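The residues making up each chain are set out below.
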Amino acid sequence: MPLHAPTPLIESLSLKAGGATRIHLKMEALQVPGSFKIRGVGHACETYARGGARRFISSSGGNAGLAVAYAGQRLGLPVLVVVPETTTERAKSLLALFGADVRVHGRTWQEANELATSLLTPDAAFVHPFDDPLLWDGHASMIDEVVASGLRPDVVVVAVGGGGLLSGVMAGLVRNGLADIPVLAAETTGAASLKAAMDAGEPVSLPAITSIATSLGAKRVADHAVALTQTHDIRSALVSDAEAVRACLRFMDDHRVLVEPACGAALAVVYDQPERLAPFKNALVIVCGGATATLSQLQQWDRELSGGAIKG
Ligand SMILES: *Cc1c(COP(=O)(O)O)cnc(C)c1O
């Protein structure tokens, strides 16, 4: 029994906005832990549990940690999430809500991650946020659902952090005979680690992350994601933080669903760069979701970033 929910695939008339390209939204924001991550994390945790794991450890204070917490709860296995001091109260209380034991350690994610890995025992599985083939295999199920519903997209728009979602989407396209369609890989300019690797032609590390889209904040993407850019038609699409936040607010008005700026990055490609989709008939947009933002936080970012009035 998979731990994720099958999600709706809905055609958006609002995002189509007069263009000829039909826009299809895969609503991963509706997963119980708030994002697509439960697909891969659920598959990985079930696999580790079958292999004898009796508990799970994560060092993500974001959506990956929430997915591990939820997976552990569903499988009846304890979850420890070690997070740095910078983690918000909201993130900590969501982790607790999903039943995880939350331990705060260190000033940076690196320090929290070091403690988390040092606590590994033979009966514990460490669940990585993006760099594990089991995650990609689990994420790929969203493409299986899209194809099973009868849609064969000719382009996909997807947000990229560490590249786990991109790797899973590619795996799903390949196993459904859609390996040749282009994929627009959306990042905010302050978290463009895939773009940096594509420009360099090899995996590279960004010196720092300067975007508010923290769920995209991997300084270095998985090597596998970089390798995919060399064998498939993966095109970089960059948006500003302001555009990503504005896209979240517009999407909330248009579809009545709140998502994080990480997801807003993919939505901003549709709202603000329609020319990139114009050559296609059926665009699939992965609405990857995210549980860590609130409406008031989005509105505050919008005021700070665009100096604009609240949309209304
Ligand atoms: C994790 C996450 C991403 C990025 O996924 P990667 O696998 O790290 O590329 C994008 N959006 C949301 C909401 C996420 O939680």
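Going by the structure above, here's the rest.
Residues numbered from 1 in each chain as written. Predicted model: local features only at pLDDT ≥ 70, side-chain atom pairs only at ≥ 80, totals over all residues. Heavy atoms only, no water.

Caption draft 1: View of the packing of aromatic side chains. Taken as a whole and assessed by the stated rule, the structure comprises one aromatic pair. Plain terms: the ring middles of Tyr70 and Phe98 are 6.1 Å apart, the flat faces sit at 85° to each other, and that makes the pair edge-to-face. On the criterion of sequence distance, the pair formed by Tyr70 in helix H3 (residues 63–75) and Phe98 in the loop between helix H4 (89–97) and strand E5 (101–104) is long-range, its members being 28 residues apart. Taking the relative accessible area as the measure of exposure, Phe98 reaches 11% and is therefore buried. (Phe/Tyr/Trp six-rings, centres within 6.5 Å; stacked < 30°, edge-to-face > 60°. Helix = DSSP H or I, 4+ residues; strand = E, 2+ residues; numbered from the N terminus. Buried < 20%, exposed > 50% of the residue type's maximum accessible area, 1.4 Å probe, protein only.)

Caption draft 2: Fine view of the site of the ligand. Taken together, 16 residues lie around the ligand, and Lys37, Gly161, Gly162, Gly163 and Leu165 are the ones closest in. Asn63 places a side-chain nitrogen or oxygen 2.8 Å from an oxygen atom of the ligand. Backbone polar atom of Gly161 to an oxygen atom of the ligand: 2.7 Å apart, as the coordinates give it. Here the ligand has 380 Å² of accessible area as a free molecule, and 98% of this is covered by the chains. (Near = heavy atom within 4 Å. Polar contact = N/O pair within 3.5 Å; in protein donor to acceptor, adjacent residues only side chain to side chain. Areas by Shrake-Rupley, 256 points an atom, 1.4 Å probe, with all protein chains shown as cover.)

Caption draft 3: Structural context of the sheet that holds strand E4 (residues 79–83). Pairing in this open sheet of four strands is parallel, and the strands run E5-E4-E3-E6 from one edge to the other. Strand pairing shows two members of the sheet lacking a second neighbour, E5 and strand E6 (124–126), which therefore form its edges. Averaged over all pairs of adjacent strands, the angle between strand axes in this sheet comes to 20°, irrespective of strand direction. Alignment of strand E3 (residues 55–58) against E6, held across three bridges, turns out to be parallel. Residue pairing across strands places Ile57 opposite Phe126, the latter belonging to E6. Along the sheet, H3 contacts E3 and E4; its crossing angle with E3, the most-contacted strand, is approximately 175°. (Pairing = 2+ DSSP bridges. Axes fitted to C-alpha atoms, helices over the stretch in contact; angles between N-to-C directions. Contact = heavy atoms within 4.5 Å.)

Caption draft 4: Molecular detail of the pairing of strand E10 (residues 282–287). Counting buried residues along E10, six of its six residues qualify, which places the element largely inside the surrounding structure. Side chains Asn282, Leu284 and Ile286 project from E10 onto one buried face, and the interleaved Ala283, Val285 and Val287 project onto a second face that is buried too. In this structure, strand E7 (residues 155–159) lies alongside E10, joined through three bridges in parallel fashion. Looking at the pairing, Val156 lines up with Leu284 of E10.

Caption draft 5: Main features of the nonpolar core. Core analysis: the biggest nonpolar cluster contains 70 residues, and Val169, Leu173, Phe251, Val259, Leu267, Ile286 and Val287 have the highest contact counts within it. The greatest single-element share of this core, amounting to nine residues, is contributed by helix H12 (residues 261–272). Look past the residues within four positions of Phe251 in its chain and what remains in contact with it is Leu15, Leu25, Met27, Arg256, Val257, Val259, Leu267, Tyr271 and Val287. Ranked by size, the runner-up nonpolar core spans 27 residues in total, among them Ala71, Val83, Phe98 and Ala291. (Core = buried A, V, L, I, M, F, W, Y, C linked by side-chain atoms within 4.5 Å.)

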